[in-house]
Amino acid sequence: MSTLPTKIKNELGKHSLLFDKDNSVMFCGMVVDDDAAHVFFPRNATLSKDDGKLLVSKASQLLQAIYRYSLISNSTKNANDEGSELVGDSQLGLIIELLSDYQRNGLYTHKYAVNVKNMGKPNWSQTISKSITFMSARGPVYFDIYGKKQHYNQDNEITLIHASVLSFLFERFGWLISDTSTSLTKLRTVGKSHLSKKNQISLIKNEMNNIYSDHDIRLLSNLKRYISSEIGKDSSVEVMGIRSFHVMWEHMLSKVLDNVIEVNNLLPKPAYKILNRDGRVVIINAKRNGQRTDIVVKRPEHEDYCVIDAKYYGAHSIESVPKWGDLVKQFFYVTALKTIVPVHAVVNNAFIFPGNRGPIKSIHMCEQSDGTLIDDVYPPITCYYICPHDVISTYLKSQKLKNQPYWYSQVTLTTS
């Protein structure tokens, strides 16, 4: 924390991203100033500082993953936990969309139609009214066919505005998606717009009134949004990421683990006996207060289950492990799951921490008198560590993690 530039630390403070008397950062993402991009990786995500290319690649993947998560989070409203709020996600998405669109489609091209004769798309109303006609056995024959032909022009102010915005974005954020050198070289040959930002917005609005392509409408809309966001900005520092990574950590794991099943709609829910106004006792179900497990996996073709809680703890010592409240919930979820699975089913318990490896192997309850483990009453919680970089890269590819832990009880076969 002491190595952070004062300007960056102050910006983090403005967004309430500092805690523990401002000695720790509660944030994953990037803070960009005029000089550099400061990327904050997830807990226990180790990287060699000597490999600059790998650092840039992993930083890009992190921001891409945050952007993907933001699309899901904003559409489903599932980031309800305190401290899970996204910061600057709309701006991050806007930047990635503009850069990616340029890579796919190039610069904006102004399209206009010109009247032509004997070429282009026929305009039959003009042809009938203007062309000399003679009749044949097959019907009328026209000496000339009048029509329209599309022309494309990149020598216009909208293209210059597009190039200006992209040049700035590639200089500052191009590393998010690709090598920037080739794109910057092409853009610099086009030139820049010298109009004020307000005039640029006005020109874009006029252009939008005359286009019908969905792609062009979206592109110009994004350009207008970005330029508007730059007007009146009081700081050159930009913050984009997620305030606390724990909800995103859970979401990504639920997507990259094998054999995940949905059980939250099956778990028992609270019911309240309430004395109503006429003196009768009624039972009211409270679905909103119902149980919600993190992740449940089921072994294919077997009645073996595991309740997995994605824990965003350091888990490198007894001081950084889940506390009593986390354990109680985990023990209770196993009990709840047993009410909806076959009686003979085996239900295991697990925590996943970020990291390549760690010292915590399992968590048990024990008798205070003599330290005896009481695993029969409280199913032990097996602890696993999975590298955040592996989870992020797999999540971006919409794939499943390789070499996943074996979550289910080992069955020992005996012969008589």
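Given the structure is predicted, the values throughout are model-derived calculations rather than measurements.

1. Structural notes on the pairing of strand E11 (residues 238-242)
In regular strands, side chains alternate between the two faces of the sheet.
1) Next: Burial of E11 is extensive: five of the five residues sit out of reach of the surface.
2) Next: By the alternation rule, side chains of E11 split into Glu 238, Met 240 and Ile 242 and Val 239 and Gly 241, which are all buried.
3) Next: As paired strands, strand E3 (residues 28-32) and E11 are joined by five bridges and run antiparallel to one another. Each residue of the ladder has a partner; that of Val 31, found in E11, is Val 239.
4) Next: As paired strands, strand E5 (residues 86-87) and E11 are joined by two bridges and run antiparallel to one another. Across the sheet, Val 87 pairs through a bridge with Gly 241, a residue of E11.

2. Quick look at the sheet that holds E5
1) Next: The four strands lie next to each other as E4-E3-E11-E5, forming an open sheet whose pairing is antiparallel. Edge positions in the sheet fall to strand E4 (37-40) and E5, since each of these pairs with one other strand and no more.
2) Next: Sheet contacts for helix H3 (residues 89-105): E3, E5 and E11; angle to E11, the most-contacted strand, approximately 100°.

3. Re the environment of Ser 181
1) Next: With respect to the helices, strands and loops of the structure, Ser 181 is situated in helix H6 (residues 181-190).
2) Next: For the pair Ser 181 and Glu 171, spaced ten residues apart in sequence, the C-alpha to C-alpha distance is 9.0 Å.

4. Notes on the pairing of strand E16 (residues 304-310)
1) Next: Most of E16 sits inside the fold, with seven of its seven residues counted as buried.
2) Next: Burial along E16 is two-sided: Asp 304, Cys 306, Ile 308 and Ala 310 and Tyr 305, Val 307 and Asp 309, pointing in opposite directions, are all buried.
3) Next: Across four bridges, the pairing between strand E15 (residues 295-298) and E16 is antiparallel. What sits directly across from Ile 295, in E16, is Ile 308.
4) Next: Counted along the chain from E15 to the antiparallel partner E16, the turn is five residues long, and its residue Glu 301 has a positive phi close to 65°.
5) Next: Sheet topology places E16 next to strand E17 (residues 346-354); seven bridges connect them, and they run parallel. Bridged to Val 307 within E17 is Asn 349.
6) Next: Taking the sense of rotation as the criterion, the β-α-β connection linking E16, helix H10 (residues 324-338) and E17 turns out right-handed.

5. What to know about the pattern of salt bridges
1) Next: Throughout the structure, instances matching the rule amount to nine salt bridges.
2) Next: The salt bridge partner of Arg 243 is Glu 85, with a shortest N-O separation of 3.3 Å. Of the two residues, Arg 243 sits in the loop between E11 and helix H9 (246-256) while Glu 85 sits in the loop between helix H2 (52-76) and E5, which places them 158 residues apart along the sequence.
3) Next: You can call Glu 85 partly exposed: its relative accessible area is 36%.
4) Next: In this structure, Glu 238 engages Arg 172 in a salt bridge whose closest nitrogen and oxygen atoms are separated by 3.1 Å. On the criterion of sequence distance, the pair formed by Glu 238 in strand E11 and Arg 172 in helix H5 (residues 157-173) is long-range, its members being 66 residues apart.
5) Next: For Arg 172, a relative accessible area of 13% translates into the label buried.

6. Overview of the packing of H9 against helix H11 (residues 388-396)
Angle between the axes and distance between the axes are the two parameters that describe a pair of packed helices.
1) Next: Where H9 contacts H11, the axes come no closer than 9 Å and their chain directions differ by 65°. When you trace H9 past H11, the crossing you get is left-handed. Here Trp 249, His 251, Met 252, Leu 253, Lys 255 and Val 256 of H9 lie close against H11, whose contacting residues are Pro 388, Val 391, Ile 392, Thr 394 and Tyr 395.
2) Next: Residues that form the contact of H9 with H11 fall into these classes: eight nonpolar, two polar and one charged.

7. Section: the sheet that holds strand E18 (residues 362-363)
1) Next: Pairing within the open sheet is mixed, and its six strands lie in the order E12-E15-E16-E17-E19-E18. The open sheet has two edge strands, strand E12 (260-261) and E18, and neither has a second partner.
2) Next: When E12 meets E15, the two strands line up antiparallel, connected through two bridges. Directly across from Ile 261, in E15, lies its bridge partner Val 296.
3) Next: The strands that H10 touches are E15, E16, E17, E18 and strand E19 (381-386); relative to E17, the one it contacts most, it runs at about 145°.

8. Here's the deal with the confidence of the model for the chain
1) Next: Confidence in the prediction of the chain, expressed as mean pLDDT, is 85, and 86% of residues score 70 or more.
2) Next: Averaged pLDDT values for the elements of the chain fall to 59 in strand E10 (residues 146-153) and rise to 96 in H11.
3) Next: Taken together, the stretch residues 411-416 has pLDDT below 50 and engages in zero contacts with residues farther than four places along the chain or on a different chain.

What counts, and at which threshold
- Residues numbered from 1 in each chain as written.
- Predicted model: local features only at pLDDT ≥ 70, side-chain atom pairs only at ≥ 80, totals over all residues.
- Heavy atoms only, no water.
- Buried < 20%, exposed > 50% of the residue type's maximum accessible area, 1.4 Å probe, protein only.
- Helix = DSSP H or I, 4+ residues; strand = E, 2+ residues; numbered from the N terminus.
- Pairing = 2+ DSSP bridges.
- Contact = heavy atoms within 4.5 Å.
- Axes fitted to C-alpha atoms, helices over the stretch in contact; angles between N-to-C directions.
- Right-handed = clockwise from strand over helix to strand, strands pointing away.
- Salt bridge = Lys/Arg side-chain N within 4 Å of Asp/Glu carboxyl O.
- Left-handed = near helix turned anticlockwise from the far one by under 90°.
- Nonpolar A, V, L, I, M, F, W, Y, C, P; charged D, E, K, R; others polar.
- pLDDT = per-residue confidence, 0-100.

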